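Examining the three-dimensional arrangement
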Amino acid sequence: MKGAALKRLRTAAGAALLLCAPALPAPAAGYDSSSVGTAAAQFLKIAMGARGAAMGEAYAALADDAFALDWNPAGLIHVKKNSMAMMHSPYLAGSYADYLAYAENAGEVGSWGVAFKYMNYGKITQTDASGVDLGSFSPSDTEISVGFACYITGFNEEPEDRFVLGATGKFVKSKIISGDNTVSADIGLNLPYMFDNNFRVSLVAQNIMGSLRYDKEDSPLPMILRLGTLTKLGSYFNLTGDIVAPRDSLPFLAMGGELSVPVSRDIDAALRAGFNTRAITDLGGTRNVSMGGGLRYTDYRLDYSFSPFGDLGSVHRISATIVFE
C-alpha cells in the first residue's frame, strides 16, 4: 500500500506539470504583486456556493455537485443522479452575485453540467470631465458554461482508483458602459484516492484563455491554477487545502474543515470554517477567515457562509442543492 501511494504521488507531480505547462505564461508575466489589476472579469474569481466559501475557498478536491462547474469540472463525476445548485449573495458595495447550475450523471460516459453566473454592480452615476451628470449606468458580468467529467484510466478498477478528467467551455460577457465578450475554458484532474481512500489530490487550471477589450487595450481573463487536497479524518470530518495561483496576483494558501453531524437517517448538519492568505495585508479589520454551516434533509441541502472583508464589509452567501431522479 505504501509503495502504491508513493507511486500515485509521483504521478500527481507529473500530472501537475502536464496540466499546467500549456497554460503557464512566460517568466515574469504574472503571479506577483506587480500584476494586480492586469486581468479583466474579476467576477470569475468570486466563489460560488456557500459550502466552498465557508471552507476558506479550499474546495477544489471536495466539489461533488453542480457547483463543481465553478471550482473543478472533474468533480462532476461525483454527481450520481441529477443535481441542481442555486446561490444568491449580496456582495460588497451594493453589488450582488447569482448562480444557477444543473448537472447530470450520464452513466459510464461520465457526467455533464451547465451553469449560469451573474454579477451585478448596481447603478453608478456617470459624469463628464466638468462633473456634469450624464445619467447612470449599471455594470454587470455574465458567464455561461458547459462542462463534463469522465474517467480516463482503469476501466476495470473501482471508481476510487481511477483518474478523472473534467473540462468546461465558457462564454464570458462583461459590460461597464460599453462591453465585450470572449470564450475561455477550465481543465480539472482528480487523481485516484490514496491511503485507504482517505486522501485525494486535484489539479485545476481555470480561465486558460480569452481576453476582453473595454476601450483600446485587451486585458486577459484571470487565469487561476489550483492544487487541491482532500483528507478524510474519519467518517465525519473533511480537511481541505488548496494552493491557488492567480495570474494577476501572488499565490496564496487556503485551508478549510467540515464537520458533519448525523441527526437522523435523513438529516445531517454540518459546521464549516476556513481561512486563506489572499491579500492578507491589504485590508484592515477582520478578514481572510470564513465560517458557515449547512443542513441536509434527504436529497435537499441548504448552506450558509459568512466571509468578512475587513473595512469593506462582509459577504453572506446562501446556496441550495437538490438531487433528484
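Everything quoted here is computed from the prediction, not taken from an experiment. Sequence order as written defines residue numbering, which begins from 1 separately in each chain. Only residues with pLDDT of at least 70 get local features here, since the model is predicted, and only at 80 or more are side-chain atom pairs given and counted; chain-wide, interface and lining totals rely on the full set of residues. Side-chain metrics rest on all non-hydrogen atoms present in the structure, leaving aside hydrogens and water.

**A look at the overall build of the protein**
Along the protein, the regular secondary structure elements total 3 helices and 18 strands. Counting the 325 residues in the protein, one finds 46% classified as buried. A contact between two residues is defined here by any heavy atoms of the two lying within 4.5 Å. When contacts within the protein are restricted to residue pairs at least 6 apart in sequence, long-range pairs at least 24 apart make up 53% of them. Accessibility throughout is a Shrake-Rupley quantity obtained with a 1.4 Å probe, and a residue counts as covered only by protein chains that appear here. For the protein, the accessible area works out to roughly 15,400 Å², and carbon and sulfur atoms hold 62% of it. A run of H or I in DSSP becomes a helix once it reaches four residues, and a run of E becomes a strand once it reaches two; helices and strands are each numbered from the N terminus. Only protein chains enter the area calculation, which uses a 1.4 Å probe; residues under 20% of their type maximum are buried, those over 50% are exposed, and those in between are partly exposed.

**With respect to the nonpolar core**
Nonpolar core, defined: a set of buried Ala, Val, Leu, Ile, Met, Phe, Trp, Tyr and Cys residues in which side-chain atoms within 4.5 Å join the residues together. Residues Ala41, Phe43, Met48, Phe67, Tyr91, Tyr99 and Ala101 are the most contacted members of the largest nonpolar core, which totals 42 residues. Ranked by residues supplied to this core, first place goes to strand β2 (residues 96–105) with 4 residues. Excluding its chain neighbours within four sequence positions, the residues that come into contact with Ala101 are Ala66, Leu69, Ser83, Met84, Ala85, Val114 and Ala115. In terms of nonpolar packing, the next biggest core, distinct from the first, is built from 7 residues, Phe163, Leu189, Met194 and Leu203 among them.

**Points about the packing of aromatic side chains**
Each aromatic pair joins two rings of Phe, Tyr and Trp (for Trp, the six-membered one) with centres within 6.5 Å, and gets the label stacked for planes under 30 degrees apart, edge-to-face for over 60, and tilted for any other angle. Inspection of every chain in the model, using the stated rule, returns 8 aromatic pairs. Ring centres of Tyr59 and Trp71 lie 5.2 Å apart, and the angle between their planes is 75°; on these two criteria the pair is classed as edge-to-face. Taken together, the residues Tyr59 in the loop between α2 (50–54) and α3 (68–71) and Trp71 in helix α3 connect sequence positions 12 residues apart. The two residues Tyr59 and Trp71 agree in class, both being buried. Taken together, a centroid distance of 6.4 Å and an interplanar angle of 10° make the contact between Phe116 and Tyr118 stacked. Overall, the relative accessible area of 36% leaves Phe116 in the partly exposed class. Grouped by ring-pair contacts, the aromatic residues Tyr96, Phe116 and Tyr118 constitute a single cluster.

**Looking at the pattern of salt bridges**
When a carboxyl oxygen of Asp or Glu is within 4 Å of a side-chain nitrogen of Lys or Arg, the pair counts as a salt bridge. Enumeration over the complete set of coordinates arrives at 14 salt bridges. Residue Lys170 pairs with Glu143 through a salt bridge whose shortest N-O separation is 3.4 Å. Of this pair, Lys170 sits in strand β7 (residues 164–175) while Glu143 sits in strand β6 (residues 140–151), and the two are 27 residues apart along the sequence. Considered together, Lys170 and Glu143 belong to a single accessibility category, that of buried residues. When the shortest N-O distance is used, the salt bridge between Glu258 and Arg272 registers 2.7 Å. Remark: Arg272 occurs in strand β15 (residues 267–276) and Glu258 occurs in strand β14 (residues 252–262); sequence separation between them is 14 residues.

**Looking at empty space enclosed by the protein**
Space inside and on the surface of the protein is sampled on a 1 Å grid over the protein atoms alone, with a cavity defined as a set of points where a 1.4 Å probe fits but cannot get out and a pocket as an open set with protein on both sides within 12 Å along at least 5 of 7 lines; lining residues have an atom within 4 Å of a point. Grid points are joined across faces, edges and corners, and a volume is the space filled by probe spheres set on the points. Scanning the model with the defined rule gives 3 cavities of 30 Å³ or more in all. A volume near 70 Å³ is recorded for the largest cavity. As for the largest cavity, its lining consists of Leu44, Lys45, Ile46, Ala47, Met48, Glu57, Asp70, Trp71, Gln206, Ile224 and Arg226. Listed by contribution, the elements that provide at least two residues to the lining of the largest cavity are α3 and β12 (224–232). Three categories are distinguished: nonpolar for Ala, Val, Leu, Ile, Met, Phe, Trp, Tyr, Cys and Pro, charged for Asp, Glu, Lys and Arg, and polar for the others, with Gly belonging to the last. Split into classes, the residues belonging to the lining of the largest cavity amount to 6 nonpolar, 1 polar and 4 charged. Taken as a whole, the second largest cavity spans an internal volume of roughly 50 Å³. Around the second largest cavity, the lining residues are Leu44, Asp70, Lys117, Glu143, Lys170, Asp186, Gln206, Asn207 and Ile224. Tallied by class, residues from the lining of the second largest cavity come to 2 nonpolar, 2 polar and 5 charged.

**Structural notes on the pairing of β2**
Two faces make up the sheet, and in a regular strand the side chains alternate between them. Any two strands with at least two DSSP-identified bridges between them are counted as paired. As judged from the 9 bridges shared by strand β1 (residues 82–90) and β2, these two strands associate in the antiparallel manner. Of the residues in β2, the one forming a bridge with Pro90 is Tyr96. Taken together, the 10 bridges between β2 and strand β3 (residues 111–120) define a ladder with antiparallel strand orientation. The residue bridging Glu104 from the neighbouring strand is Trp112, located in β3. Linking β2 back to β3 in an antiparallel pair, the connection comprises 5 residues, with Gly107 at a positive phi of about 75°.

**Considerations on the confidence of the model for the protein**
Chain-level statistics for the protein give a pLDDT mean of 86 and a share of 87% at 70 or above. For the protein, per-element mean pLDDT is lowest for helix α1 (residues 2–20), which scores 44, and highest for β12, which scores 97. Values of pLDDT, ranging from 0 to 100, describe the predictor's confidence in every residue of the model. For residues 1–28, every residue scores under 50 in pLDDT, and the model assigns this stretch 31 contacts once sequence neighbours within four places are set aside.

**Considering the side chain of Arg301**
Within the element layout of this structure, Arg301 appears in strand β17 (residues 300–308). Classification of Arg301 by relative accessible area gives buried; the value is 18%. As used in this structure description, the phrase polar contact means that two N or O atoms lie within 3.5 Å; if the pair is within protein, one of them must be able to donate a hydrogen and the other to accept it, and residues adjacent in sequence are counted only when both atoms belong to side chains. For Arg301, the side chain forms a polar contact with the side chain of Asp65, separated by 2.7 Å. When near neighbours in sequence (up to four residues on either side) are disregarded, Arg301 contacts Arg51, Asp65, Leu295, Arg296, Ser319, Ala320 and Thr321.

**Side note on the pairing of β1**
In terms of strand pairing, β1 meets strand β18 (residues 314–324) through 7 bridges, oriented antiparallel. Looking at the pairing, His88 lines up with Ile318 of β18.

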